[in-house]
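Examination of the molecular architecture
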Amino acid sequence: MTQETALLSTSPVTGEMNAPVRKVFVKTYGCQMNVYDSDRMSDALSRDGYVATDVLEEADFVLLNTCHIREKAAEKVYSELGRLRELKKEKAREGREMLIGVAGCVAQAEGNEILRRAPAVDLVIGPQTYHRLPEALKRARTGERVVETEYAIEDKFDYLPAPDKAKTRSRGVTAFLTVQEGCDKFCTFCVVPYTRGAEVSRPVAQIIAEAEKLVEAGVREITLLGQNVNAWHGVGADEREWGLGDLLRRLGEVEGLARLRYTTSHPRDMDDSLIEAHRSMAKLMPYLHLPVQSGSDRILKAMNRRHTAAEYLALVERIRTAQPDLALSGDFIVGFPGETEADFEDTLRLVEAVNYAQAFSFKYSTRPGTPGAELKDQVPEDVKAKRLERLQALLTKQQRGFAEACVGREIDVLLEKPGRLPGQLVGRSPWLQPVNVDAKASQIGDIIKVRITKAGPNSLFAEMIEEPRARSLTA
Ligand code: 5AD
Ligand code: SF4
């Protein structure tokens, strides 16, 4: 029996009076694309009267939006499902229903296997079919165990609702906007081409419309998302084939939109037009996440990255010539099968040469179904751990160096949310660092000039620079 909560409302879809308000708790793992998807799924469910809650115990439906990129990420989901099973039992004893859904890349990769391993799960839904979630949930509520992991022929973005004004506002002054999904690169370590499918770009008009809606609701900064975002392409209003550079220039014309970012890029798709955007567009923030994974040509080849270390360094040079103030960020994998000490030293050398402002580094994790899993010469765990420690020590030193070089600089900060101390707000520097500054809550959404006074381990501290007073007319 389903326990209906006391709240009653009108369903916007059916118009049914006194439809029960059900609560959905969404937990998001992994990348920013999952954050975007979780919001879209909540929006789709709200049409059926579901209200989002942060309190797990209150939820009628718990949805885990999962990540399959490394083994650890996938295993986390199963341990969470174990805990949820207990909560579901407890609720059942009180006569209350709690449905459990699994979305995201684990759902896509493991499908029916999840139902077998986790008997409490009612619903499994892959990233290509999120627009079918409300319907799937209705079926699950009748007792069916639903698995929706077929790639849909229809475009989910045509069916998923764009966020409404109030919801967008509650999510803050920065927003994600997915412009591209999937990947055709097939790096030999990576599950993405299998879980997210082939590269698909959203059409220009759809992206512009969503951006305008976000800005109308108060968003000042948009980050364009894609597993391979700089592979985005589409036909522009001028009938020309556009790349990401053209799209960014068009978005730069959206009135009220102050800042643009994009992530994640592949070195092979950094074309001249995109590099030019970094030179000429003040709204495009001087920050670039450009994963290289390894500094060894032998390993880059085995990873199927399709470029050498020297080509990556030359590319970085070209981008920095266009935008000398650029903060570079990267991803690294240590211990890919066959990686020798000499290969690893090559990675350290590349890191020294680039000088990263920010980076993410991981031990290689064997992913079933990828070519890397078939390779002999897997590197022992303790060797991976030691290499990771050395690499992270160097990357952390560079990150600190970058932050310290900001001290004394006068920069623009977009104020985002209340800080930890009363009277303090947290904003973002152009290079994506959090910046703590004394400011009024009413200034959230403003871009202010500050002077950086101190660099902490994970954020900067700043003081506001007084705007020159307008001269009095009577003086
Ligand atoms: N093992 C370790 N790290 C991985 N990544 C992707 N696949 C794996 C794997 N099998 C890392 C890459 C990628 C980031 C999102 O995750 O560095 O850029
Ligand atoms: Fe994975 Fe490589 Fe595609 Fe990035 S480019 S999503 S690492 S296959």
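Before reading further, recall that the structure is shown in the block above.
Residues numbered from 1 in each chain as written. Chains lettered and ligands numbered in written order. Predicted model: local features only at pLDDT ≥ 70, side-chain atom pairs only at ≥ 80, totals over all residues. Heavy atoms only, no water.

Below, the discussion takes up the overall build of the chain. Counting its secondary structure elements, the chain contains 15 helices and 23 strands. Against the compact-globule benchmark of 23 Å for 475 residues, the chain has a radius of gyration of 24 Å, which places it among compact chains. With the C-alpha coordinates of the chain rotated into their principal frame, the extents come out at 80 × 65 × 50 Å. Burial analysis of the chain (475 residues in total) assigns 53% to the buried set. Put simply, of all contacts in the chain between residues at least 6 apart along the chain, 70% involve residues at least 24 apart. When the accessible surface of the chain is totalled, it reaches about 22300 Å², and 52% of it is carbon and sulfur. Averaging the positions of the 66 positive and the 70 negative side-chain charges in the chain gives two centres separated by 3 Å. (Helix = DSSP H or I, 4+ residues; strand = E, 2+ residues; numbered from the N terminus. Rg over C-alpha atoms; globule rule 2.2 N^0.38 Å. Buried < 20%, exposed > 50% of the residue type's maximum accessible area, 1.4 Å probe, protein only. Contact = heavy atoms within 4.5 Å. Areas by Shrake-Rupley, 256 points an atom, 1.4 Å probe, with all protein chains shown as cover. Lys, Arg positive; Asp, Glu negative; His and termini not counted. Charge placed at Lys NZ, Arg CZ, Asp CG, Glu CD.)

Every residue lining ligand 2 is accounted for by Cys 183, Lys 185, Phe 186, Cys 187, Phe 189, Cys 190, Val 192, Pro 193, His 266 and Arg 305. Here the residues of the shell around ligand 2 are counted per class, giving 7 nonpolar, 1 polar and 2 charged. (Near = heavy atom within 4 Å. Nonpolar A, V, L, I, M, F, W, Y, C, P; charged D, E, K, R; others polar.)

Bringing the pairing of strand β3 (residues 22-28) into the picture now. Across 3 bridges, the pairing between β3 and strand β4 (residues 50-52) is parallel. Note that in β4 the partner of Lys 23 across the bridge is Val 51. Note on the crossover from β3 through helix α1 (residues 32-46) to β4: the handedness is right-handed. (Pairing = 2+ DSSP bridges. Right-handed = clockwise from strand over helix to strand, strands pointing away.)

So far we have only geometry, and geometry alone does not tell us how the molecule works.
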